[in-house]
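What follows is each chain in one-letter form.
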Amino acid sequence: MNLCDISFVKRLMAKHQTGTKKSFGQNFLINKEIPEAIAEASYSYHRSLSNKKSLVVEIGPGIGCLTYELAGCYDKVIAIEIDSTLLPILDETLAEFENVEIINCDFLKMDIEDFFKSYSEEYDISVCANLPYYITTPIIMALLERARGYLKSITVMVQKEVADRLCATTKKGDYGAITASIAYYGEAKKLFDVSPDNFLPAPKVTSSVVRIELYDKPKYKVNDEEMLFKAIQGAFCQRRKTLLNSLSSYFGNISKDKLGEVILSLGFGESIRGEKLDIEDFCKLADKLGEIK
Ligand code: SAM
C-alpha cells in the first residue's frame, strides 16, 4: 500500500466522506520518499543513543503515511490525532501493525508531562511529526518545557522560515527567543528542505525537516531556570530595540540604571541587541538579574 499515492489518498478520503481541513493544518505528504527520510532521520539518531525499547510519539498522523514508516522502525508508535474523521482511515491504513496506538485528542490539551512520564520507565522516547503549521511553536515549546526530560530527540517538519529560526545562531539566521530557548535544551539541526509539490494540498511555502537533539542535562549552568526564560523573553520582547531598552520595558520593577550596570558588568556595550547573546550569555545575564534585590 502506498499511502502517499495521490489518487489513493483522494479515493480513501472520498470513501470515508472526508477531505483535508485547513483549520487543522492538514497538508498530507504525497511522496513516499519524504516520510521514509523523516522516519530514518528520527530513528537512526534515536537508535544511536539507546538500547532500551523504543517509543516514538507522532503528533498529527493524518492518514498515516509517516506513522507507517515509523511503525517499521520503532518498537511502539503512539500517534495523537485531533481530527476524529481520520480514525476509521487510520484503522484501515495501519491495520497490519500491532505496535501502533492512536489517541484522538488535541495534543496541546493533554497533560504532556504526565503522558511522557508514564512511558519513560519502559521506553526511551522520541517525537517525530509533520507538524500542523498553525501551532508549530506552541507544540515545540510545550515539548521542551514539559517533556524534554523524557525525550531523546524531536524530529519535525515545519515551515522553512521557522526551521531557519530554530537553527539560527548569534552569527547566522533569524535568531529569536525560541532559538535561545532551544539552545538551552539541546541542538537543532536542519536536515533537508521539502518543496510544496510534495503535499496535498500544496502549501504556499517550502518546508524543512529539523531534528532537535536533546541534552541529557542542560549544558550551561544557571541558578534559576525561570529567570533564564524571563531574561530571554525580556531580551526579545522589543526586537528592534537594544537589549537595555527591551529588558527595561519587560522588567518594569528594575530601574534602567541597574539593568545598564548588569549589561556592562557582563562585558557588553550599552547598544548591544538581544540577538548577539548566545545561551551561555543568557545564563550569565539571568544569574546577574537574579542577584538584584
Ligand atoms: N502526518 C501526516 C502527513 O505527514 O501527511 C499529516 C500531517 S498534517 C501537516 C498535520 C496533522 O496534524 C493533521 O492530521 C491534523 O489533523 C493534525 N493536528 C492538527 N492539530 C492538532 C492537534 N492540536 N493535536 C493533534 N493533531 C493535530
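Here, the structure is the one placed above.
Residues numbered from 1 in each chain as written. Predicted model: local features only at pLDDT ≥ 70, side-chain atom pairs only at ≥ 80, totals over all residues. Heavy atoms only, no water.

Take the nonpolar core next. Residues F116, I140, L143, L228 and F282 are the most contacted members of the largest nonpolar core, which totals 68 residues. For this core, the domains that each give at least three residues are domain 1 (6–214) and domain 2 (225–291). Leave out the neighbours within four places in its chain, and F116 touches V57, F107, I125, V127, L143, A147, Y150 and L151. Within the second largest apolar cluster, 35 residues are counted, among which are I30, A39, Y43 and L200. (Core = buried A, V, L, I, M, F, W, Y, C linked by side-chain atoms within 4.5 Å. Buried < 20%, exposed > 50% of the residue type's maximum accessible area, 1.4 Å probe, protein only. Domains from an automatic or database assignment. Contact = heavy atoms within 4.5 Å.)

All told, the structure shown has ten aromatic pairs when counted by the stated rule. Taken together, the ring pairs connect F115, F116 and Y119 into an aromatic cluster. (Phe/Tyr/Trp six-rings, centres within 6.5 Å; stacked < 30°, edge-to-face > 60°.)

Another aspect to go through is the site of the ligand. For the ligand, the set of nearby residues contains 24 residues, the closest of which are G60, E81, D106, N130 and Y134. For the ligand, a nitrogen atom lies 2.9 Å from a polar atom in the backbone of G60. Taking D106, its side chain carries an N or O atom lying 2.8 Å from a nitrogen atom of the ligand. Calculation on the ligand without its partners gives an accessible area of 600 Å², and the protein chains cover 99% of this total. Secondary-structure elements contributing two or more residues to the shell around the ligand are strand 1 (28–29) and strand 3 (76–81). (Near = heavy atom within 4 Å. Polar contact = N/O pair within 3.5 Å; in protein donor to acceptor, adjacent residues only side chain to side chain. Areas by Shrake-Rupley, 256 points an atom, 1.4 Å probe, with all protein chains shown as cover. Helix = DSSP H or I, 4+ residues; strand = E, 2+ residues; numbered from the N terminus.)

Let us look at the packing of helix 9 (residues 225–236) against helix 10 (residues 243–250). Contact pair helix 9 / helix 10: the axes reach a minimum separation of 7 Å and the direction vectors enclose 115°. Seen along the crossing, helix 9 lies across helix 10 with a hand that is right-handed. Within the contact between the two elements, helix 9 uses K230, A231, Q233, G234, A235 and F236 and helix 10 uses L243, S246, L247 and Y250. In terms of residue class, the contact of helix 9 with helix 10 is built from six nonpolar, three polar and one charged. (Axes fitted to C-alpha atoms, helices over the stretch in contact; angles between N-to-C directions. Left-handed = near helix turned anticlockwise from the far one by under 90°. Nonpolar A, V, L, I, M, F, W, Y, C, P; charged D, E, K, R; others polar.)

Here we come to the sheet that holds strand 9 (residues 207–214). Taken in spatial order, the seven strands line up as 4-3-2-5-6-9-7 in an open sheet, and their pairing is mixed. Each end of this open sheet is capped by a strand with a single partner; those strands are strand 4 (100–104) and strand 7 (186–194). Averaged over all adjacent pairs, the angle separating strand axes in this sheet is 15°, with direction ignored. By the bridge criterion, seven bridges tie strand 6 (residues 151–159) to strand 9 in an arrangement that is antiparallel. The residue bridging I154 from the neighbouring strand is I212, located in strand 9. Where helix 8 (residues 177–185) meets the sheet, its contacts fall on strand 7 and strand 9, and the angle it forms with strand 7 comes to roughly 120°. (Pairing = 2+ DSSP bridges.)

Counted residue by residue, strand 3 has six buried out of six residues, so it is predominantly covered. Neither face of strand 3 is open: one carries K76, I78 and I80, the other V77, A79 and E81, and all of them are buried. With five bridges connecting them, strand 2 (residues 53–59) and strand 3 associate as parallel partners. Within strand 3, the position partnered with L55 by the bridge is K76. Tracing the backbone out of strand 2, into helix 3 (residues 65–73) and back to the parallel element strand 3 gives a crossover that is right-handed. Sheet topology places strand 3 next to strand 4; five bridges connect them, and they run parallel. Each residue of the ladder has a partner; that of E81, found in strand 4, is N104. Handedness of the crossover joining strand 3 and strand 4 through helix 4 (residues 87–93): right-handed. (Right-handed = clockwise from strand over helix to strand, strands pointing away.)

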